Amino acid sequence: MAPHGTAHAPLPAASEWIQRWSHLVPAGGSVLDVACGHGRHMRWFYERKHPVTGIDKAPEAIESIAPWGATIVADIEAGPWPLPGQRFAGVVVTNYLWRPLLPTIVDSVAPGGVLLYETFAVGNETVGRPARAEFLLRPGELLQACRALRIVAYEEGFLDAPARFVQRIAAVRPAPSMDGPLRAPLRTPLRTPLQGPV
């Protein structure tokens, strides 16, 4: 039986951004969830018939999500990347930033695959945690990190409930057969500031 969150609280829903753009992951394609925690996004893709792999440094988190797919306990900040050379149809990262890994994360997207990334940005220090600069994306930083991919959607700015500043991106690595403009279900690339306080 699949896990249903911790013994003390139900598993939170998948991020709205991940839900909105998960249709870009090719049907049945493998998905990597980086710093997966207790696996809310692993569960989301598992329920949609994707093989999933989760990486996290917390053994208790990994143990709780093992029924959904492959799990790897690894300190990806202090140790080597545990999946060298492997690529996935979908790579998901939320609420996590370790800049030295950004190129590796982007390179883990297979041709025709998608990167779905959402995390905190500069400005968040004015409303809560994280507040340290090493955990906050600089303006446009995700766009720069994804310059080898085709941007499908990009937003940065302020969100409510809870109050936070974020950057988020959906970006595709073109397959050799992807000539010319992207077609449905991909959207025209955009850069949309989020609604923020005046």
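This one's a predicted model, so the numbers in the text were calculated from it and none came from an experiment.

Trainee: Even after reading the chapter, I still don't get the overall build of the protein chain, so can you show me in this structure?
Mentor: Counting its secondary structure elements, the protein chain contains five helices and eight strands. Listing every helix and strand of the protein chain by position from the N terminus yields α-β-α-β-α-β-β-α-β-α-β-β-β. Buried positions account for 48% of the 198 residues belonging to the protein chain. If you take every contact in the protein chain between residues at least 6 apart in sequence, the share linking residues at least 24 apart comes to 59%. When the accessible surface of the protein chain is totalled, it reaches about 10,000 Å², and 58% of it is carbon and sulfur.

Trainee: Would you explain the pattern of salt bridges in this entry?
Mentor: Where charged atoms from two side chains of opposite charge come close, those side chains can pair. Summed over all chains, the structure comprises 10 salt bridges. Salt-bridge contacts for glutamate 16 lead to arginine 20; the nearest nitrogen and oxygen are separated by 2.8 Å. Taken together, the residues span about one helical turn, with glutamate 16 and arginine 20 both in helix α1 (residues 16-21) at a distance of four residues. Glutamate 16 sits in the partly exposed class, given a relative accessible area of 42%. A salt bridge links glutamate 141 to arginine 99; its shortest N-O distance comes to 2.7 Å. Of this pair, glutamate 141 sits in helix α5 (residues 141-145) while arginine 99 sits in the loop between β4 (88-94) and α4 (102-107), and the two are 42 residues apart along the sequence.

Conventions used here
- Here the residue numbers are simple positions, counted from 1 along each chain's written sequence.
- Predicted model: local features are reported for residues with pLDDT of at least 70 only, side-chain atom pairs are reported and counted for 80 or more only, and whole-chain, interface and lining totals are derived from all residues.
- Hydrogens and water molecules were not included; the side-chain quantities draw on all heavy atoms of the structure.
- Elements are defined by DSSP. Helices are runs of H or I of four residues or more, strands are runs of E of two residues or more, and each kind is numbered from the N terminus.
- A 1.4 Å probe rolled over the protein chains alone gives each residue an accessible area, and that area as a share of the maximum for its type sets the label: buried under 20%, exposed over 50%, partly exposed in between.
- Whether two residues are in contact is decided by their heavy atoms: any pair within 4.5 Å suffices.
- Reported accessibility uses the Shrake-Rupley method at a 1.4 Å probe radius. Residues are deemed covered only where the shown protein chains occlude them.
- Within this document, salt bridges are pairs made up of a side-chain nitrogen of Lys or Arg and a carboxyl oxygen of Asp or Glu, the two lying within 4 Å of each other.

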